Amino acid sequence: MVKVHERKFVTADPDKCVGCQVCEYICSFEKEKAFNPLKSRIRVVRLNPLVNVSIACRLCEDPPCVAACPRDALTPSEKTGIIMVDEDKCNGCGWCIEACDYGAIMIHPERKVVFVCDLCKDKGEPQCVKWCPEEALDLVTSDVLAQKARIAATKKLFQEALKII
Amino acid sequence: MYGYAGRVLHIDLTTGKTHVEPLNEDYAKKYIGGIGLGMRLWLDHAKAGVEPFSPENPLILATGPISGTVWPTGGNGHAFISKSPQSYGVGESKSHGSFGTELKRAGYDAVIFKGKAEKPVYVWIDDDSVQLLDASHLMGKSPTETEDAIREELGDYYIRVAAIGPAGEKLVRIACIINDKTRAAGRTGMGAVMGSKNLKAIAVRGTHDITVAKPEEFMEFVKEFHERMKGPATQKYRTLGTPENVLVHNSLSCMPTRNYTNSRFEAAEKVSGETLNERFVAKIIGCSSCAMRCEHVCVVPEGPYKGATTRMEYEPLWAMGPYCGIDRLDAIIKGMDLCNYYGIDAISAGVIVGFAMDCYENGILTEKDLDGIDARFGNHEALLKLIEKMGKRDGIGDILAEGVKIAGEKIGKGAEKLAQHIKGVEVTGYDLRCLKTAALGFAVSFRGADHNRHGAYAFDVKGKVNRLVAEKGRGKMVKDIEDIYTIIDSMIICKFSRGTYYKEAEDLAKLYTLVTGFETTPEEIRRSGERINNLARLFNIREGLGRKDDTLPYKVMHHPITDEGPSKGAYVSQAELDLLLDDYYMARGWNRDGVPTIEKLKELGMEDLVHIVEEKTKKAEE
């Protein structure tokens with residue numbers, strides 16, 4: 001199995017995300033040839049005007065959705081970590097939905113089986129990341145996320161010094 | 001059909017019965033959608049001379065053909081159309097956010113509300129299932145509280161809600177309809193019409209797919225517009241936002257101040273867009289499908305109004321700031337927050353307070369008349385108290401809630417002359433005395449005083465014409481831009497994105513064609529724009545409006561600007577207004593009374609509405 005730090009997933013920078021739902025439209029268009037947020041694998045949350053973020057599958061190291069499925073319908077890809085859904089086995093019971101802390105796996109409104117972000121593997125790159133007008137979405141590993149956080153924190157710590165430079 | 005849902009939902013609130021009819025394809029092609037389709041449907045479903053608050057006055061909710069797609073700024077719009085309780089003519093107001101896109105996915109191009117519910121209700125549109133539910137427990141709640149409560153009780157946090165606040169319930173004539181908590185269909189009192197029907201809210205869940213006629217080409221066009229929206233045409237909206245206008249207008253001496261006593265504000269720096277962004281803007285967010293984002297969310301971080309949170313734009317900032325002589329942004333943000341709470345149009349609210357302050361300063365209203373409020377210009381506490389009173393129709397607020405026109409008539413003693421409105425709708429933040437192209441645009445605007453029906457101020461403010469002169473040629477300029485604006489409001493795209501349509505009609509026609517599959521040329525889409533303006537004119541003529549109503553506020557025509565500077569001495573005389581009107585009517589192919597000729601209507605394919613003109617002529621002859 002691939003090492004966790006090589007796994008990439010789609011994440012939204014909450015400082016940049018404006019809640020515009022372009023990712024939802026693009027995802028449903030890419031996957032279903034229609035504009036319909038209910039068929040999007042990435043979903044926007046707006047708690048209030050100031051709190052906006054898009055959420056897609058985090059490709060967890062030990063995916064609780066996989067563990068929760070009583071019918072072994074979910075399998076993480078060894079190469080990429082993407083959760084693959086066996087639509088013949090899935091009966092839409094929703095235990096994986098309960099297990100996911102992010103609300104990133106959902107039941108498809110028509111097919112009645114679960115669906116989840118696959119990083120647009122057919123296209124080579126997630127289309128939501130490509131289209132995000134705010135550049136708020138990124139395809140990253142957890143290591144890169146940590147690196148970014150460290151750099152941001154350091155910049156804040158040394159903001160006075162950085163001004164002089 | 002592509003783009004269109006192909007269905008119109010009829011809801012009779014009196015009987016509780018609902019039914020669905022197919023969308024008339026001829027109407028769709030001729031009137032596009034949004035306000036065009038809405039006004040056409042209204043004419044079919046309302047009797048001439050209907051009272052705005054009568055159950056017989058339908059309230060129409062319409063989306064556009066673009067709504068529901070990923071088109072940047074266009075996927076999310078909706079419009080309310082009815083007879084306005086302010087102008088007694090066309091009432092229409094658009095809003096964006098996420099409500100319109102949801103309604104389209106529920107499968108409707110328009111919803112027609114008729115009648116009046118016996119008790120307060122809200123409508124729950126869940127795709128094909130439409131229910132009227134009890135709203136007695138929601139009465140008195142703000143639109144935001146209503147949205148939260150409905151989501152909670154229906155058990156779905158992604159339901160979209162458009163609701164009125166306490167003001168709409170009490171038929172405050174400037175009441176608006178708010179969706180997605182911060183977005184308002186603000187002008188012309190559509191919230192009061194909704195309140196008169198005992199309709200507290202409209203909740204929608206839509207699950208259907210939206211598809212377009214030519215998906216590949218459409219997505220290429222979307223991509224191109226995503227790039228355009230990162231460019232200079234939208235820079236203002238993405239950076240300082242429309243409050244940038246404060247210092248621009250002030251420098252040109254064209255910012256009405258203290259109810260048109262001045263045309264510039266000495267404390268403009270304190271309420272500028274620059275100060276707002278530096279001190280109060282916490283985040284800029286976007287509507288559904290938008291690629292530019294403009295919504296400047298402001299939070300007051302400290303002081304007596306700590307925690308007040310609202311979206312802010314130039315117009316409400318101007319109305320509650322300079323127009324009332326108020327130089328405190330924290331109070332202006334609080335004022336806007338209160339307007340959203342009660343559900344009233346913040347532009348009109350500010351203008352009404354400015355009017356009340358002017359009455360007070362001139363001794364027409366006393367402190368006693370004002371329930372003990374010291375309504376000096378500049379008193380921010382008076383602003384907030386008066387907004388609350390209007391929202392509740394409490395004390396003096398009961399009179400002010402009628403809008404400046406009716407309030408001025410009720411108060412009398414010369415208050416009428418201090419009431420700055422056109423067709424009963426309060427003015428907006430452009431001093432028309434020194435912006436003469438704008439003055440014409442405002443005078444002929446079919447929904448009363450408004451900058452958003454024409455944008456004609458741009459010619460004046462950007463120096464493309466001599467703004468201090470009224471001359472021939474302005475009529476054609478106003479007509480042409482009005483025609484583009486009605487297309488925008490009928491497709492329902494956002495006016496902030498208008499600059500990205502570099503080729504105007506050509507781009508709009510291409511967009512319409514790609515989405516709907518109805519092959520349309522730039523000339524045809526322009527003709528639709530013109531047709532919709534004629535339609536609005538016929539609406540107003542049928543309801544009794546005419547040339548006499550295409551006029552300007554009293555002060556604009558009688559009080560020359562006194563401030564030193566480039567606009568000193570400017571005002572609009574009756575002769576100038578007449579010249580401008582004649583020129584405009586001629587450009588429109590209307591007669592001297594401002595009535596469309598039968599030839600013009602036939603040219604536009606409006607034979608079915610010729611009877612309105614014929615009846616008008618017959619009446620005039622009798």
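Quantities reported herein were computed from a predicted structural model and do not represent experimental measurements.

Structural notes on the overall build of chain B
Line of reasoning, step 1. Scanning chain B from terminus to terminus reveals 26 helices and 17 strands.
Line of reasoning, step 2. Taken along the three principal axes of its C-alpha coordinates, chain B extends 60 × 55 × 55 Å.
Line of reasoning, step 3. Relative to its full complement of 622 residues, chain B shows a buried share of 67%.
Line of reasoning, step 4. Taking contacts inside chain B between residues at least 6 apart in sequence as the whole, the part at least 24 apart equals 69%.
Line of reasoning, step 5. Accessible surface, chain B: about 20,000 Å² in total, of which carbon and sulfur atoms supply 49%.
Line of reasoning, step 6. Distance between charge centroids for chain B: 1 Å, based on 82 positive and 89 negative side chains.

Points about the overall build of chain A
Line of reasoning, step 1. Looking only at helices and strands, chain A features six helices and eight strands.
Line of reasoning, step 2. Across its three principal axes, chain A shows a C-alpha extent of roughly 60 × 35 × 30 Å.
Line of reasoning, step 3. Put simply, chain A has 165 residues, and 46% of those count as buried.
Line of reasoning, step 4. For chain A, the proportion of contacts with a sequence separation of at least 24, taken over those separated by at least 6, is 56%.
Line of reasoning, step 5. Split by element, the accessible area of chain A, about 9,000 Å² in all, is 54% carbon and sulfur.
Line of reasoning, step 6. On chain A, the mean spot of the 24 positive side-chain charges and the mean spot of the 24 negative ones are 3 Å from each other.

Thoughts on the sheet that holds strand E1 (residues 7-12) of chain B
Residue and element names in this part refer to chain B.
Line of reasoning, step 1. The strand order across the open sheet formed by six strands is E2-E1-E6-E3-E4-E5, and the pairing between neighbours is mixed. Unpaired on one side and paired on the other, strand E2 (18-22) and strand E5 (90-95) mark the two borders of the sheet. Each adjacent strand pair in this sheet contributes to an overall mean axis angle of 20 degrees, direction not counted.
Line of reasoning, step 2. When E1 meets E2, the two strands line up antiparallel, connected through five bridges. From the neighbouring strand, Leu 9 faces E2, where its bridge partner is Val 20.

Some details on the pairing of strand E6 (residues 110-114) of chain B
Residues and elements named next belong to chain B.
Line of reasoning, step 1. Burial within E6 is extensive, with four of its five residues counted as buried.
Line of reasoning, step 2. Looking at chain direction, E1 and E6 are connected through five bridges and run parallel. When the bridges of E6 are listed, Val 8 appears paired with Ala 110.
Line of reasoning, step 3. Two elements, strand E3 (residues 59-62) and E6, share four bridges in a ladder whose sense is antiparallel. Looking across to E6, one finds that Leu 59 is bridged to Phe 113.

Some words on the packing of aromatic side chains
Residue and element names in this part refer to chain B.
Line of reasoning, step 1. Across all of its chains, the model carries 23 aromatic pairs over all chains by this definition.
Line of reasoning, step 2. Ring plane angle 50 degrees and centroid distance 4.9 Å describe the contact between Phe 225 and Tyr 501, whose orientation is recorded as tilted. Of this pair, Phe 225 sits in helix H7 (residues 215-228) while Tyr 501 sits in the loop between helix H20 (474-491) and helix H21 (505-516), and the two are 276 residues apart along the sequence. For the pair formed by Phe 225 and Tyr 501, the shared burial category is buried.

What about the packing of helix H2 (residues 34-45) of chain B against helix H22 (residues 522-542) of chain B?
Residue and element names in this part refer to chain B.
Line of reasoning, step 1. Interhelical geometry of H2 versus H22 gives an angle of 35 degrees and a closest axis separation of 10 Å. Judged by the sense of rotation from one axis to the other, the crossing of H2 with H22 is left-handed. Taking contact as the criterion, the partners of Gly 36, Met 39, Arg 40, Trp 42 and Leu 43 in H2 are, on H22, Ile 532, Leu 535, Ala 536, Phe 539 and Arg 542.
Line of reasoning, step 2. Taken together, the residues of the contact of H2 with H22 break down into seven nonpolar, one polar and two charged.

A look at the pairing of strand E3 (residues 51-55) of chain A
Residue and element names in this part refer to chain A.
Line of reasoning, step 1. Side chains of E3 alternate between two faces, with Asn 52 and Ser 54 buried and Val 51, Val 53 and Ile 55 left unburied.
Line of reasoning, step 2. Where strand E2 (residues 43-48) meets E3, five bridges bridge the pair, whose relative direction is antiparallel. Within the sheet, the bridge partner assigned to Val 45 lies in E3 and is Val 53.
Line of reasoning, step 3. Counting the residues that bridge the hairpin from E2 to E3 gives two residues.

Re the nonpolar core
Residue and element names in this part refer to chain B.
Line of reasoning, step 1. If you look at the biggest cluster of nonpolar residues, it comprises 106 residues, and the most contacted ones within it are Leu 276, Trp 318, Phe 355, Leu 386, Leu 432 and Leu 552.
Line of reasoning, step 2. Other than its neighbours up to four places away in sequence, Leu 552 contacts His 421, Ile 422, Leu 432, Ala 439, Ala 443, Met 557, Val 572 and Leu 577.
Line of reasoning, step 3. Residues Val 50, Phe 518, Leu 601 and Val 613 belong to the second largest nonpolar core, which totals 81 residues.

Details of the interface of chain A and chain B
The accessible area lost on association of the parts is a frequent measure of interface size.
Line of reasoning, step 1. Listed per partner, the contact involves 31 residues of chain A and 39 residues of chain B.
Line of reasoning, step 2. When chain A packs against chain B, the two sides together hide about 2,600 Å² of surface, and 59% of this comes from carbon and sulfur.
Line of reasoning, step 3. Across the chain A-chain B interface, the total number found is two salt bridges.
Line of reasoning, step 4. Asp 209 of chain B is the partner of Lys 39 of chain A in a salt bridge, and the nearest nitrogen-oxygen pair spans 2.8 Å.
Line of reasoning, step 5. If you list the elements that add at least two residues to the side of chain A that touches chain B, you get helix H1 (22-32) and E2 of chain A.
Line of reasoning, step 6. Considering each element in turn, the side of chain A that touches chain B owes the most residues, five residues, to E2 of chain A.
Line of reasoning, step 7. Along the lines of polarity and charge, the residues of the side of chain A that touches chain B split into 19 nonpolar, four polar and eight charged.

Structural notes on the sheet that holds strand E13 (residues 281-285) of chain B
Residues and elements named next belong to chain B.
Line of reasoning, step 1. Sheet architecture is open: three strands sit in the order E13-E14-E15, paired in antiparallel fashion. Of all strands in the sheet, those with a lone pairing partner are E13 and strand E15 (309-311), marking the two edges. Averaged over all pairs of adjacent strands, the angle between strand axes in this sheet comes to 20 degrees, irrespective of strand direction.
Line of reasoning, step 2. In this structure, E13 lies alongside strand E14 (residues 295-299), joined through four bridges in antiparallel fashion. For Ile 285, the partnering residue across the bridge sits in E14 and is Glu 295.
Line of reasoning, step 3. Against the sheet, helix H12 (residues 329-342) contacts E14 and E15, and its axis sits at roughly 80 degrees relative to E15.

Some points on the domain arrangement of chain B
Residue and element names in this part refer to chain B.
Line of reasoning, step 1. Segmentation of chain B into domains returns domain 1 (7-205), domain 2 (229-426) and domain 3 (439-621).
Line of reasoning, step 2. A C-alpha centroid distance of 26 Å is found between domain 1 and domain 2.
Line of reasoning, step 3. At the boundary of domain 1 with domain 2, the tally comes to three salt bridges.
Line of reasoning, step 4. We note a salt bridge from Glu 295 to Arg 183, for which the minimum N-O separation is 2.7 Å.
Line of reasoning, step 5. For the pair domain 1 and domain 2, the interface holds 18 residue pairs in polar contact (both at pLDDT 80 or more).
Line of reasoning, step 6. Within the residue set of the side of domain 1 that touches domain 2, elements represented by two or more residues are helix H4 (143-154) and helix H5 (166-169).
Line of reasoning, step 7. The element best represented in the side of domain 1 that touches domain 2 is H5, accounting for three residues.

Thoughts on a nonpolar patch on the surface
Residues and elements named next belong to chain A.
Line of reasoning, step 1. Taken together, the side chains of Leu 157, Phe 158 and Leu 162 make up a nonpolar region of the molecular surface, amounting to roughly 330 Å² of accessible area.
Line of reasoning, step 2. Residue position: Leu 157 is located in helix H5 (residues 142-157).
Line of reasoning, step 3. For Leu 157, a relative accessible area of 67% puts it in the exposed group.

Conventions we followed
Residues numbered from 1 in each chain as written. Chains lettered and ligands numbered in written order. Predicted model: local features only at pLDDT ≥ 70, side-chain atom pairs only at ≥ 80, totals over all residues. Heavy atoms only, no water. Helix = DSSP H or I, 4+ residues; strand = E, 2+ residues; numbered from the N terminus. Buried < 20%, exposed > 50% of the residue type's maximum accessible area, 1.4 Å probe, protein only. Contact = heavy atoms within 4.5 Å. Areas by Shrake-Rupley, 256 points an atom, 1.4 Å probe, with all protein chains shown as cover. Lys, Arg positive; Asp, Glu negative; His and termini not counted. Charge placed at Lys NZ, Arg CZ, Asp CG, Glu CD. Pairing = 2+ DSSP bridges. Axes fitted to C-alpha atoms, helices over the stretch in contact; angles between N-to-C directions. Phe/Tyr/Trp six-rings, centres within 6.5 Å; stacked < 30°, edge-to-face > 60°. Left-handed = near helix turned anticlockwise from the far one by under 90°. Nonpolar A, V, L, I, M, F, W, Y, C, P; charged D, E, K, R; others polar. Core = buried A, V, L, I, M, F, W, Y, C linked by side-chain atoms within 4.5 Å. Buried area = accessible area lost by both parts, 1.4 Å probe. Salt bridge = Lys/Arg side-chain N within 4 Å of Asp/Glu carboxyl O. Domains from an automatic or database assignment. Polar contact = N/O pair within 3.5 Å; in protein donor to acceptor, adjacent residues only side chain to side chain. Patch = residues over 30% accessible without salt bridge, like charges linked within 9 Å, V, L, I, M, F, W, Y side chains within 5 Å.

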